Amino acid sequence: MSTDIIINKVRSNPKFAELVHKRNSLAFSLTIAVLVLYFGFILLVGYAKGFLATPIGSNLMTFGVPIGIGVIVGAFVLTGIYVRKANAEFDTLTAQIVEETK
Amino acid sequence: MNRVLTLLTTAALTALPTVAMAAGVAADDIKKQATNFPAIIMFVIFVGITLGITYWAARRTKSAAAFYTAGGGITGGQNGLAIAGDYMSAASFLGITGLVYGSGYDGLIFSVGWLVGWPIVTFLVAEQLRNLGKFTFADVASFRFAQTPIRTLAACGSLVTVAFYLIAQMVGAGKLIQILFGLPYLWAVIIVGVLMIVYVTFGGMTATTWVQIIKAVLLLGGATFMALMVLIKFGFSPEALFKAAVDIHPKKVAIMGPGSLITDPISAISLGMALMFGTAGLPHILMRFFTVKDAKAARKSVFYATGFIGYFYILTFIMGFGAIALIAGNTANPAENPFLDQALVAAGKDAIAAIKGGSNMAVMHLANAVGGEYFLGFIAAIAFATILAVVSGLALAGASAISHDLYASVFKHGKAAEADEMRVSKIASVALGFLAVGLGIAFENQNVAYMVGLAFAIAASCNFPVLLMSVFWKGMTTRGAFIGGFLGLISAVTLVVTGPTVWVKVLGNAAALQPYDNVAIFSMPIAFIGIWLFSLLDNSARAAEDKAGFEAQYIRCQTGIGAAGAASH
């Protein structure tokens, strides 16, 4: 099958539009989430050192420790959300598009 | 035993951007070294196993696809470990632990920055690369564009990134092996160069990947053991660990919050941008996405890698605090502490500053304290294996840029026979090995700590913008990508050279031409705006062709249709 025919078939398949829309909106919103998470943390480091250095209750543990580790864990969790969604939903849609293009 | 490994610190320094520059290296310490037999034996075992793997891999490395991508036969889990191995350098292991040892919480800030690039890679780059590319990220960046200019740009971006990274690693490795074996620096650098050439030339991506996997497993295992031992000593109570650390550390409770790592927000954000987006532009990392069979395995591998790397960084935090409590606080009286340089103690230095070999040695001393001499030997061998594995990955990425992008695509206009391309890639690997040895010798006594930072800044300012825009922006043209990409590359290099570290400390000028060492906040926008503006102004026939090619590329990028056969898996 020539490339042009494939392109036309995929383009006219409503599932392609659905796939692209869903994947891009998830990928871009998660990207924004990571940027907010990380640069939010960096801004705290830059402008609110005192807050991060504040002890939790009467402990030595400060707010900064769980927040910092939380950003690491959060980045991992956001990655997991994308992978899970992609494995379940996007791969199914992609497989259907490929099947219908044959 | 402790003094034997003094200059491991240099390995960490050379691989850790920016923060490590403040620390000094006592080069005189390495003049005469006793021989560390446990470390040598374990290192020799590591080399033996990896050479065995290389022999096995060499018999399977008959095609270009096998050489560049291990034939696409790596699973998501294996690739996740290999990526983690590529990324968990001596900088993370020795440098970040040393940073926690010296300043506490600041080390965690750095770890966070090194991790957050990975979600970005997952969301925007991994699957796209797998669906569009074959051997190098230039395949993707040049997919719908005129091959000669874009391949040239991508190869320049790759080679410059690889070169700076390589110099830093070679100098570090040379100093490290020098301590382990008591060999002259020259011999040390040659051993690294030869092993790297053997792995890459004979075993290609298959050998490089397995070297990386073995090292990643050893490193994660060793770090887990150390962190566990620390936690056991403190009854799994973070409070008890923090209390012991705060009591002994001269900065007292200040180690529990941000210290002097980040002084102004512009530098902080700029460093963050370089680490975050540079990760998504490192050629030796990007190459790894072609070693798996499809987009699904690509995304799975980044997910695993993110988990391994994040876990590892949390361990460095525990190990760093453990080192404060158990190394600096090893004895109540600093004058009796075997981990301190007694000359420095006598000179009135505190227990943190007086540590033998500097703060980057903290994790090595900790290994000795919690696991004894043989465990120290094991960890020292891992530290060296780490550098060797990273160097091999870099050499393979550099050789691919030369053979696949410059020779086959630019010089032969895509008409090179596979056998010729393979031959060029092997010649390039050998040449890069010689070059690496030469650079290692040339830079022996130079301050190379800024070079990894520069590599990240270039990757973030040239490779990443071109890659991202080519995949997501229909309007990008050959001319826009070429000019914008080179603007990013040149501005990143120029700004780093004119900043305080290189201009003043390395080149010896009186005052810096501009005040920033972290330059991505300037060079990244220059690249993006350059690409956008020069694409917009481009009305050539080629530009129309570039834009017309977007749809076919986009469909393949999103669905993988046409990608399966691309790497002849």
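Parameters at a glance
- Residues numbered from 1 in each chain as written.
- Chains lettered and ligands numbered in written order.
- Predicted model: local features only at pLDDT ≥ 70, side-chain atom pairs only at ≥ 80, totals over all residues.
- Helix = DSSP H or I, 4+ residues; strand = E, 2+ residues; numbered from the N terminus.
- Rg over C-alpha atoms; globule rule 2.2 N^0.38 Å.
- Buried ≥ 20, exposed ≤ 12 C-beta atoms within 10 Å, placed from the backbone.
- Axes fitted to C-alpha atoms, helices over the stretch in contact; angles between N-to-C directions.
- Parallel < 35°, antiparallel > 145°, perpendicular 65-115°, else oblique.
- Left-handed = near helix turned anticlockwise from the far one by under 90°.
- Contact = placed C-beta atoms within 7 Å.
- Nonpolar A, V, L, I, M, F, W, Y, C, P; charged D, E, K, R; others polar.
- Arc of directions from axis to C-beta.
- Core = buried A, V, L, I, M, F, W, Y, C linked by C-beta atoms within 7 Å.
- Expected span 1.5 Å × (residues − 1).
- pLDDT = per-residue confidence, 0-100.

(A) Region of the structure containing the overall build of chain B. Per the secondary structure count, chain B includes 23 helices and 0 strands. For 569 residues, the compact-globule formula gives about 25 Å, and the C-alpha radius of gyration of chain B, at 23 Å, lands near that figure. With the C-alpha coordinates aligned to their principal axes, the bounding extent of chain B is approximately 75 × 50 × 45 Å. Relative to its 569 residues, chain B shows a buried fraction of 66%.

(B) Inspection of the environment of Phe375(B) at higher detail. In this fold, Phe375(B) is placed in helix α16 (residues 362-411). With 336 residues separating them in the primary sequence, Phe375(B) and Ala39(B) have C-alpha atoms 8.8 Å apart.

(C) Quick peek at unusual backbone geometry. Residue and element names in this part refer to chain B. At Phe236, a position not held by glycine, the phi torsion is positive, near 55°. Of note, Lys252 is a non-glycine position whose phi angle comes to about 50°, a positive value. For Lys252, the location among the structural elements is in the loop between α11 (238-248) and α12 (265-279). Here Lys252 falls in the exposed class, since 12 other C-beta atoms lie within 10 Å of it.

(D) Spotlight on the packing of helix α18 (residues 450-472) of chain B against helix α21 (residues 520-536) of chain B. Residues and elements named next belong to chain B. Direction vectors running N to C along α18 and α21 enclose 25°, while the axes themselves pass 9 Å from each other. Viewed along their axes, α18 and α21 adopt a mutual orientation that is roughly parallel. Note that α18 runs across α21; the crossing there is right-handed. Note on element contacts: α21 touches α18 through Ala520, Ser523, Met524, Ala527, Phe528 and Ile531, opposite Ala457, Ala460, Ser461, Cys462, Pro465 and Met469. Residues of the contact of α18 with α21, tallied by class, amount to 10 nonpolar, 2 polar and no charged.

(E) Region of the structure containing α11(B). Residue and element names in this part refer to chain B. Within α11, burial applies to Leu241, Phe242, Ala245 and Ile248. Looking straight down α11, one finds that the buried residues subtend no more than 140° of arc, so they occupy a single side. Packing partners of the buried residues in α11 comprise α10 (185-233) and α14 (295-328).

(F) Here's a closer look at the interface of chain B and chain A. Each side of the interface is counted separately: chain B has 45 residues, and chain A has 45 residues. Going through the elements one at a time, α6 (106-115), α7 (117-132), α11, α12, α14 and α23 (550-559) of chain B are the ones with two or more residues in the side of chain B that touches chain A. Of all the elements, α14(B) adds the most residues to the side of chain B that touches chain A, at 10 residues. Here the residues of the side of chain B that touches chain A sort into 29 nonpolar, 10 polar and 6 charged.

(G) Quick peek at the nonpolar core. Core analysis: the largest hydrophobic core is formed by 241 residues, its most contacted members being Leu366(B), Phe384(B) and Val391(B). If you tally residues by element for this core, the top one is α16(B), at 32 residues.

(H) Structural view of α12(B). All names here are of chain B. Compared with an ideal rise of 1.5 Å per residue, which puts 15 residues at 21 Å, α12 spans 21 Å between its outermost C-alpha atoms and is within 8% of the ideal. The buried fraction of α12 is high, at 11 of 15 residues. Within α12, the full set of buried residues consists of Ala268, Ser270, Leu271, Gly272, Met273, Ala274, Leu275, Met276, Phe277, Gly278 and Thr279.

(I) Local environment of the environment of Leu60(A). Locating Leu60(A) in the fold gives a position in the loop between α3 (49-52) and α4 (64-101). Note on Leu60(A): 19 C-beta atoms within 10 Å, which makes it partly exposed. With residues near it in sequence (within four places) discarded, Leu60(A) still touches Pro55(A), Glu239(B), Phe242(B), Lys243(B), Val246(B), Val253(B) and Met256(B).

(J) Structural context of the confidence of the model for chain B. Residue and element names in this part refer to chain B. Mean pLDDT over chain B works out to 87, with 92% of the residues at or above the 70 mark. Taking the mean pLDDT of every element in chain B, the minimum, 39, falls on helix α1 (residues 8-15) and the maximum, 97, on α21. For residues 1-32, every residue scores under 50 in pLDDT, and the model assigns this stretch 107 contacts once sequence neighbours within four places are set aside. In this model, residues 565-569 is a region of pLDDT below 50 whose contacts with residues beyond four sequence positions or in other chains number 10 contacts. Scoring the predicted complex yields pTM 0.89 and, for the interface, ipTM 0.94.

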